[in-house]
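Inside the fold
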Amino acid sequence: MDDSNKLINLKIKVIGINDKRIFIAINKLIKAFNRQNVIVTSDYDYLIHVSSLIKEKKIKVILTCGSEIIKDETEIFEDVLSDKKYLILACIYRLFVKISKKELSYGVLTGIRPTKLVHRYKEKYSDDIVLSILQKKYLITKEKAELLLLIANYQKQLVDFPKLKDEVSIYINVPFCLSKCSYCSFTSYPIDLKELIPKQYLTVLLDEIKIMGAYLKEKHIPITTIYVGGGTPSALNYDHLKSLLYHIETYLINDSVLEFTLECGRPDSLTLDKLKLIKEFSVTRISINPQTFNRDTLKQMNRRHSIDDIIKIYQGARDIGFDNINMDLIIGLPNETIEDYKHSIDETIGLAPDSITVHYLAQKRGSKLFNEQIEMKRSDYFTLFSYAYKQLIEHHYSPYYLYRQKNIVGNLENTGYCQKEKVCLYNILMIEEAQNIIGLGCGASSKFLNHDIVLNPKDIKSYITSYQKYIDKKINNMNENIK
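In this report, the structure presented in the accompanying data block is examined. (Residues numbered from 1 in each chain as written. Predicted model: local features only at pLDDT ≥ 70, side-chain atom pairs only at ≥ 80, totals over all residues. Heavy atoms only, no water.)

Right, let's get into empty space enclosed by the protein. Empty space among the atoms can be located by rolling a probe the size of a water molecule over them. Tallied over the full model, the rule gives two cavities of 30 Å³ or more. In terms of lining, the second largest cavity is formed by Val358, Tyr360, Phe385, Ala388, Glu413, Thr415 and Tyr417. Going through the elements one at a time, strand E13 (355-360), helix H13 (378-394) and strand E15 (414-418) are the ones with two or more residues in the lining of the second largest cavity. Looking at the lining of the second largest cavity residue by residue, the class counts come to five nonpolar, one polar and one charged. (1 Å grid on protein atoms, 1.4 Å probe; cavity = no way out; pocket = protein on both sides within 12 Å on 5 of 7 lines; lining within 4 Å. Points joined across faces, edges and corners; volume = space filled by probe spheres on them. Helix = DSSP H or I, 4+ residues; strand = E, 2+ residues; numbered from the N terminus. Nonpolar A, V, L, I, M, F, W, Y, C, P; charged D, E, K, R; others polar.)

Taken together, five strands build an open sheet; the order of strands is E2-E1-E3-E4-E5 and the sheet is mixed. Two strands close off the open sheet at either side, each with one partner strand: strand E2 (38-39) and strand E5 (68-75). The pairing of strand E4 (residues 58-65) with E5 spans eight bridges and is antiparallel. Paired with Lys58 across the bridge in E5 is Glu75. (Pairing = 2+ DSSP bridges.)

Our next topic: the packing of helix H4 (residues 127-136) against helix H5 (residues 142-158). Two elements in contact, H4 and H5, have axes whose closest approach is 9 Å; the angle formed by their N-to-C orientations is 135°. One element, H4, and the other, H5, form an angle in the oblique class. Between H4 and H5 lies a crossing whose hand is right-handed. Within the contact between the two elements, H4 uses Asp127, Val130, Leu131, Leu134 and Gln135 and H5 uses Lys142, Ala145, Glu146, Leu149 and Asn153. Residue composition of the contact of H4 with H5, grouped by class: five nonpolar, two polar and three charged. (Axes fitted to C-alpha atoms, helices over the stretch in contact; angles between N-to-C directions. Parallel < 35°, antiparallel > 145°, perpendicular 65-115°, else oblique. Left-handed = near helix turned anticlockwise from the far one by under 90°. Contact = heavy atoms within 4.5 Å.)

A few words now on the nonpolar core. Grouped together as the largest cluster of nonpolar side chains are 67 residues, with contacts concentrated most on Ile26, Leu63 and Tyr138. By residue number, the principal contributor to this core is helix H2 (residues 80-100), which donates 11 residues. Every residue in contact with Tyr138, bar those within four places of it in the chain, is listed here: Glu78, Tyr86, Tyr106, Gly107, Val108, Leu109, Leu117, Arg120, Tyr121 and Ile133. Ranked by size, the runner-up nonpolar core spans 61 residues in total, among them Leu236, Leu270, Phe293 and Leu351. (Core = buried A, V, L, I, M, F, W, Y, C linked by side-chain atoms within 4.5 Å. Buried < 20%, exposed > 50% of the residue type's maximum accessible area, 1.4 Å probe, protein only.)

Have a look at this one:
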């Protein structure tokens, strides 16, 4: 099969589908092959006609595209709509494998939480049956199906999901950075904005922390984890960072909190004085993210720090006493070679952080890299995945959570690896949607078990003027969820 990552942008017309949900799923699937593929109503490259027949306990699908005829059938396994949807997707997948000469590791799955699907099946079936379902119904490769099952089983050993369902986790967003990385699409603002803006923002954020903390205390709702991200929270100046940590400590920290993560991210956002300050509070986990150990790439990605800065700050954090440090890497950055990626993986493992998250580049709308053509052979991605997996396992890291992103290069996944008992519990609870997650701050998302979502405004000025309205929405949703 052709190993090229270059695909022709295709215009597809689909007829025979009346269910909007199936139509949306088809659109996502063809974009997984190439994000420039589009479904059209005229002037098409390919016309796909889908017909299906449900008789007794079987579903039969016939897909016609020019001279190609693809047929498949299955017994009804779960419910008619689900089985029909995935049978149609399987036929379209096989067609696009022929057209593009490319296969997808996750088959017809396009969602970001494949391990959540595994947990659902594990409630009913044995591991062998779950593996079979993943490969036969969803066309996931054996390698990825085994990885998903391995992670789900590891999570079940570590996390009492039923017990934690009645608790909450808190995400706090600090949308300031020293500079915007080329691959980033998160809500972030340069920290060198007029001093008034960070100060105004922090005043409002601290009030939101205080109000939400008081509400949770009044309702006797335990907090399991707190995660402060961004942006780069450690880009705040010393006094602002101290004020933020003080308010979290005062209004949110109590005996129920099992984990408190502060995402430091950029090494150039940290000083030894800031690290000592962070250590004075209840922070249990920090991140120091190199992303790459290639000097030229750091410059191209607008990260204004050196390799020496990474090592110096990491060693400083260890000397101060931090015993749970995460490091992130990104595979697929422009102009890097396989040897560059292997070097970054080796250098990161050599520092022995407590957890390492391996990301495949996602070309996110809003990032500088969104419209760039990223060239890498499909076989190279699997070479790198196998290399990273083997090296991390040999150095006693276990994969503990996994998620996928839209427009992720290679259509692969991001995987978090950790040393024994060094998981990020927040990451597991958030990705598996196992708890109510309350987001505080500009651009923060609150996701509730009843599937409601409250999105704080991304625009910092809008957030400052309307945050109280969004607090009320979150509290109303929490009241609904705890009845």
